[in-house]
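Okay, here's what each chain looks like letter by letter:
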Amino acid sequence: MRENILSVEGLTKRYSDFCLDNVSLGVPYGSIVGLVGENGAGKSTLIKIILGLANKNEGDVTIFNVSRDNLNKQLNEKIGVVFDDCNLPGNYTATNLNKVLRTMYLSWDETMYYGMLDDLSIPLNKKIRNFSKGMKMKLSIIIAFCHKSQFLILDEPTSGLDPVARDEILNLLLEFVQDEKNAILLSSHITSDLEKIADYIAFIHKGKILFQLEKDTLLYQYGLIKCTDKEFEEIDREDVIRYRKLDYETQVLIADKEKVQNKYPGLMIAPVTIDEIMLHYIRGEKL
C-alpha cells in the first residue's frame, strides 16, 4: 500500500441537524480518489475540514504527514483547490490575474501559467465574466497547478460542462498524477468521469464512509443479480450486500461475481456501475 498524501482518521463534526461521524479515508500518492455521495451526505463538510475552513470535534487530518493544524505557508501552497462555482473576479483578465497571483504565492510559476493558458486556448485579455463555464473551470485548474501543487482537492470540477471541456479537464488530471508525488481528491456526482480516471472510490452516506475501495474492484468484482423472488430465497445471506425488490424482479448486489457465479451457475449476473452500487447502498435493504 502506498503512503498517503492525505489521511483522515476518526473525523467527527457535529451540527444540530447533521453529524460527520467517525470518518476515515486516505488519498495515496500518485492516485485519484473519487468522493461520492448524495446531496447532504457530508462531502462538502469533509472538504471544508480538510482545508481548515471548518473546525472538527474529534479526529485527525494529516497532509504531507503533517497535522492540518500545523501546515505552514509553504506546505499550504502545495494544496490546490477548485470549487464548482469558479469564484474568480469577473472584471479581471487572465493577464490581470497573473499579476495578483504572483504576489500571493511564493511558488507561482508564471511561465507554466502562460504556457497552460496557450495550450488550453484561454484568452489573455478577455474579461473572466465573459468566459464560458468550461473556460472558467480550466482557468481555475490552471491556477491550482501553477503554484506547484502536489495535492489537488476538487469539488465538482466537471459539473455542467460539455463533453469536450470535461474530457480536457479529465486528461489534465490524469497527467497531474503521472507524477507519483502528486494526488487528487475529487468530489463528483458524475460517476462516469470517476469510472474513467479514479483509482479509488470513497462513498459517504449520512455522514459515514460506507466504503473506500479500488475502482477496479467495484467495477470488475462487484455484480448485480437480477432474479425472481424464488431464486432470491435460495441465495445465501452471506453473499448479499444489499437487495431491492422491484415489481418485476429482485436485484441483488454482490461483491464477488466469480464466486457467486460458481455457487449459483443458473443465475445471471450483470456488470454494475458506481451509480448502481450507490443506489443499492442507499435504497436497498440488508438481509
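Residues numbered from 1 in each chain as written. Predicted model: local features only at pLDDT ≥ 70, side-chain atom pairs only at ≥ 80, totals over all residues. Heavy atoms only, no water.

Draft legend 1. Inspection of the overall build of the protein chain at higher detail. Summing up its helical and strand segments, the protein chain has 11 helices and 14 strands in all. Taking the principal axes of the C-alpha coordinates as reference, the protein chain spans close to 70 × 40 × 35 Å. When burial is assessed residue by residue, the protein chain has 50% of its 287 residues classed as buried. Long-range contacts, defined as pairs at least 24 residues apart, comprise 69% of the intrachain contacts of the protein chain with a sequence gap of at least 6. (Helix = DSSP H or I, 4+ residues; strand = E, 2+ residues; numbered from the N terminus. Buried < 20%, exposed > 50% of the residue type's maximum accessible area, 1.4 Å probe, protein only. Contact = heavy atoms within 4.5 Å.)

Draft legend 2. The arrangement of helix α5 (residues 133–146) in detail. In a regular helix each residue adds 1.5 Å, so 14 residues correspond to 20 Å; α5 covers 20 Å between its end C-alpha atoms and thus fits that length. Within α5, 12 of the 14 residues are buried, which leaves it mostly tucked inside the rest of the structure. Taken together, the buried positions of α5 are occupied by G134, M135, M137, K138, L139, S140, I141, I142, I143, A144, F145 and C146. The secondary structure elements touched by the buried residues of α5 are β6 (79–82), α3 (94–104), α4 (110–119), β7 (151–155) and α6 (163–176). Immediately beyond the C-terminal end of α5, within one or two residues, lies K148, with a positive phi of roughly 60°. (Expected span 1.5 Å × (residues − 1).)

Draft legend 3. Focus on the sheet that holds strand β14 (residues 269–270). The strand order across the open sheet built from 4 strands is β12-β13-β11-β14, with neighbouring strands paired in antiparallel fashion. Each edge of the open sheet carries a strand with a single partner, namely β12 (242–245) and β14. Bridge count between strand β11 (residues 223–227) and β14: 2 bridges; the pairing is antiparallel. Looking at the pairing, L224 lines up with A270 of β14. Here helix α11 (residues 274–283) sits on the sheet in contact with β11, β12 and β13 (250–254), set at roughly 80° to β12. (Pairing = 2+ DSSP bridges. Axes fitted to C-alpha atoms, helices over the stretch in contact; angles between N-to-C directions.)

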